[in-house]
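Residue strings, one per chain:
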Amino acid sequence: MSREVRSWRLHRKTQFTFTELAQRINPVVRGWMQYFGAFCRSALYPLLQRINAYLLRWVRRKYKRLRAFKKAHRCWKRVIRQYPRLFAHWAWMPDVW
């Protein structure tokens, strides 16, 4: 699964919007959460954390004003608060760390 997430190269897809990224990865991540979450939910947490890290890297790369980590983190918190169901894995783990 980690190899699959790495192959998406999310942080390089700056031509997409946040919702387009969500539409692309949500079906796959939701399937993993339903299948593997039934057996060992805690084993998925590092993978979901990695997806969030790639998404935060995407934000920092797409929006130049958010290059600074603190600014990107504030923006990330705001997005999570405004759209809590945008990504399927945010139901389990919304924050990057």
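Remember, it's a predicted structure, so these values are computed and weren't measured experimentally.

## What to know about the environment of alanine 88
So, point 1. Mapped onto the fold, alanine 88 is located in the segment after helix H4 (69-82).
So, point 2. Given the relative accessible area of 14%, alanine 88 is considered buried.
So, point 3. Counting along the chain gives 65 residues from alanine 88 to glutamine 23, while the straight-line C-alpha distance between them is 9.8 Å.
So, point 4. Apart from the residues within four sequence positions on either side, alanine 88 is in contact with Asn26, Arg30 and Met33.

## Brief notes about H4
So, point 1. Here H4 contains 14 residues, and its C-alpha end-to-end distance of 20 Å stays within 8% of the 20 Å for a straight helix at 1.5 Å per residue.
So, point 2. Where H4 is buried, its residues meet helix H2 (18-40) and helix H3 (45-62).

## Examining the packing of aromatic side chains
Two aromatic rings, taken as a pair, are described by how far apart their centres are and by the angle between their planes.
So, point 1. For the structure shown, the criterion picks out 10 aromatic pairs.
So, point 2. When the ring centre of tryptophan 92 is taken as reference, the NZ or CZ atom of arginine 41 above it lies at 4.0 Å.

## A look at the environment of serine 2
So, point 1. Structurally, the position occupied by serine 2 is in helix H1 (residues 2-8).
So, point 2. Side-chain polar atoms of serine 2 contact the side chain of arginine 50, separated by 3.2 Å.

Conventions we followed
- Residues numbered from 1 in each chain as written.
- Predicted model: local features only at pLDDT ≥ 70, side-chain atom pairs only at ≥ 80, totals over all residues.
- Heavy atoms only, no water.
- Helix = DSSP H or I, 4+ residues; strand = E, 2+ residues; numbered from the N terminus.
- Buried < 20%, exposed > 50% of the residue type's maximum accessible area, 1.4 Å probe, protein only.
- Contact = heavy atoms within 4.5 Å.
- Expected span 1.5 Å × (residues − 1).
- Phe/Tyr/Trp six-rings, centres within 6.5 Å; stacked < 30°, edge-to-face > 60°.
- Lys NZ or Arg CZ within 6 Å of the ring centre and 35° of its normal.
- Polar contact = N/O pair within 3.5 Å; in protein donor to acceptor, adjacent residues only side chain to side chain.

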